[in-house]
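What follows is each chain in one-letter form.
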Amino acid sequence: MGNLTDKPELNAKKGKIGNLDSPKNPFDYMKREYGTVPLDTKRAPFQWVSEVAYKNVHRIVSRGYDTTEVMEEGYGVVDMLFIDYQARIPTVEEEQMLNYVMIMALEDGLSGPAVMSRIVAQSKTFLTQACGASILAFGHAYGAYSAFGNRLENYLKLAEAEGLSMAQAAERLVAENLQDEALGVSDLMLKDPAAVRMFARAEKLGVAGKYIGFIKEIVKAAKAVSEAPVDLDMLGATCATMLDLGFSPEATWAILAVTRSFAVGAHYIEEVEREGYRRTGQTLTPKEFYDGPEDRPVPPLRDRSKVAQSGICHTVDEWARAREEKKKLVGSGHSIVEEIEDPSQKSGIKKVGKL
Amino acid sequence: MDRDPLIRRKTAISYKTEEKTVMRGYNLSELAEEGYSFCDALFVMYQNRIPTEEEEKMLKYEMGVFMEHSMSPSAVGAIGVSAGRPNLPCTIAAAITTFGGVHGPGAAHGYMLNKYIERAEKEGRTIDEMAKILVDEYMDAGRPVMGMGQPQHIDSDPRAEPIHLKQEELGLEGVYLEFQRALEKHFHARRKAEGRSYVGVNVVGSGNTALMEIGFSPNAAWCLGSVCRGFSCAAHALFNMKKGRAWGASRNEPMVQMIDLSMIKYVGPDDRIVPKQEDRQEYARKQKEEGEYKKWVI
């Protein structure tokens, strides 16, 4: 139980402490209680609430299915993804398609996740640390499944609301997002048929649906307005297929990031096997990489008032001028804008990046 | 567009060109088109080989039962991180990195098995003899025997024995299963002789045995398990993000929330006055001399 108490004997001895006696403070800081808050007996006690799974001493149950019984009936880990994320058993064709997608998402050479894993491995860590780090490489450019998927859903809703055809909605989407990294159409797969083959397989298995249909229209629209050759890329193929399999954009993001992490374990292992560990202070950055301010003497501390420059801006005009100046300092962050919003429902749909 | 690799490395795992992505010599598209499963691809990735049908089934089973485990450190980690509403990958990364020396210590179990099987070979002992030596050495030293015991499934992990049975059903019994079975036998016998309660095999003890048997290294097996759990932890985080309350402390929810203030129980030093700066040196010197603070140092 908690033990909230006033402890006036402590507060009385303190005297003035900084600005804590200011009348601007929202309450009297010298009369604040000590101790912890008692348990709330008026509400139900805390429990881990879940729609996904529960377990007891003898069972683990996901979406109503005992997971051991699921495996004993001959299902597998790929089926479990449908159970966990969609609360349903997939058709044989859906399971086959997800296997296909996951194989294609497993390995991607020395791309971000593998590099993250290898860099963490160089520090002599657990393998799990490297695998976890690799997941952090998935954002709204690389592995932009939620950004792409949510955009598709938004424009499909728009089409429905405004009575647009798929082709018209695709043209609108392309016109408004042509330069975005998560368009699903780019010049990345002009020589590699893997993306197109994935759609062929989805159609053969009978799992292709409205999302694959829509991205095909997007490809047409992008080709019509792009100056350079473009085509369906792996982001567009993979994500549209996952959406047609019934996964949400966020579930797709999660499943494919984890899928890639299975491979980065091998990259961790290879890095440890073939390369050495890196020590603190070992890595040098050559002077020729540097284009910041020239080397200069540190002013004596006693001269601080002579050399120091205030960063305070007292007028909006002053602020605007200072901001433009600040943008010139690479690494300061002033030239980047981000919209940090709650990504619970949808993520990756806001434009972020360089100003 | 810059398409150069982010770092320069010789690698025997894969290469990727404008035309194709090749893993251990196999074009990924060809592998998928041929109808191989994701589990098959993991054998190619970690073992450079196409597995037998039985081996593929074993991996599919093991990963399937391991994937979802409701509230374990990994799911709690994911849910805890989701409270601040970062991007979803952060919650998954947190979940996977909870796997360490206690939660799902697959590599530790694998290294233990390899070490003692190697000793059996070098010392000319049988698997059964060496398993007893392992149990005695670990228990004499007061060390937990990897793969035994689970704090929630106190009558033995419900996934564990079925994994052993599946391995046997598929005809995949080898030196690892023989060793693990012997380990469990001697472990149970010793605890019984000492009048201690029954502690069953856990999913690492059985699942990792199966993974080692079908050729995965300790770290590869650990990767398969801990990363696979990431799938379900992401679902738990996503549920909380889409249907739960951010922050986890709302007083308007009918149930007390995860980090409601009343969830805090404090057992540290008593409340005390912050010393004035003018008293600081004397106060600090005295505090160091008395040394009472040391019992709180962590």
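For the structure, see preceding data.
These remarks concern the structure in this document. (Residues numbered from 1 in each chain as written. Chains lettered and ligands numbered in written order. Predicted model: local features only at pLDDT ≥ 70, side-chain atom pairs only at ≥ 80, totals over all residues.)

### With respect to the packing of helix α3 (residues 77–86) of chain A against helix α4 (residues 92–106) of chain A
Residues and elements named next belong to chain A. Basically, it comes down to this: In this description, a line fitted to the C-alpha atoms serves as the axis of each element, helices being fitted only across the stretch in contact, and the angle between N-to-C directions of two axes falls anywhere from 0 to 180 degrees. Numbering goes from the N terminus for both helices and strands, where a helix is a DSSP run of H or I of at least four residues and a strand is a run of E of at least two. Each angle gets one of four labels, with under 35 degrees taken as roughly parallel, over 145 as roughly antiparallel, 65 to 115 as roughly perpendicular, and the rest as oblique. By the convention adopted here, residues make contact when the C-beta atoms placed from their backbones lie within 7 Å.
Interhelical geometry of α3 versus α4 gives an angle of 105° and a closest axis separation of 9 Å. It follows from the interaxial angle that α3 and α4 lie roughly perpendicular. Every residue of α4 that contacts α3 at Val78, Asp79, Leu81 and Phe82 is listed here: Glu94, Glu95, Leu98, Asn99 and Met102.

### Some words on the sheet that holds strand β1 (residues 14–16) of chain B
Worth spelling out the cut-off: Two strands qualify as a pair provided that DSSP identifies no fewer than 2 bridges between them.
With antiparallel pairing, 3 strands are arranged side by side in an open sheet as β1-β2-β3 (chain B). Bordering the open sheet on either side are β1 and β3 (26–27) of chain B, each of which pairs with just one other strand.

### Focus on the nonpolar core
The cut-off we apply is this: By our criterion, buried Ala, Val, Leu, Ile, Met, Phe, Trp, Tyr and Cys residues that link up through C-beta atoms within 7 Å make up a nonpolar core. The exposure scheme places C-beta atoms from the backbone and then counts, for each residue, the other C-beta atoms within 10 Å of its own, assigning buried at 20 or more, exposed at 12 or fewer, and partly exposed in between.
Counting 164 residues, the largest nonpolar core has Ile103 of chain A together with Ile92, Leu224 and Ala234 of chain B as the members making the most contacts within it. Ignoring anything within four residues of it in the chain, the contact list for Ile103 of chain A reads Leu28, Leu31, Ala32, Tyr36, Phe38 and Ala41 of chain B.

### As for the packing of helix α4 (residues 73–82) of chain B against helix α5 (residues 88–97) of chain B
Residue and element names in this part refer to chain B. Test applied: Crossing handedness is defined as follows: a turn of the near helix away from the far one that is anticlockwise and smaller than a right angle gives a left-handed crossing, while the clockwise case is right-handed.
The contact between α4 and α5 brings their axes to 7 Å, and the two run at 150°. In this view, α4 runs roughly antiparallel relative to α5, as classed from their interaxial angle. The crossing of α4 and α5 is right-handed. Residues Ser74, Ala75, Gly77, Ala78, Val81 and Ser82 of α4 touch α5, and the partners they reach there are Cys90, Thr91, Ile92, Ala94 and Ala95.

### Quick notes on the interface of chain A and chain B
This is how it is decided: Residues are sorted three ways: Asp, Glu, Lys and Arg are charged, Ala, Val, Leu, Ile, Met, Phe, Trp, Tyr, Cys and Pro are nonpolar, and all the rest, Gly among them, are polar.
Facing the 91 residues of chain A at the interface are 91 residues of chain B. In terms of residue count, the dominant contributor to the side of chain A that touches chain B is helix α12 (residues 249–274) of chain A (16 residues). Of the residues contributing to the side of chain A that touches chain B, the split by class is 48 nonpolar, 21 polar and 22 charged.

Function cannot be inferred from these measures alone, as they are strictly geometric.
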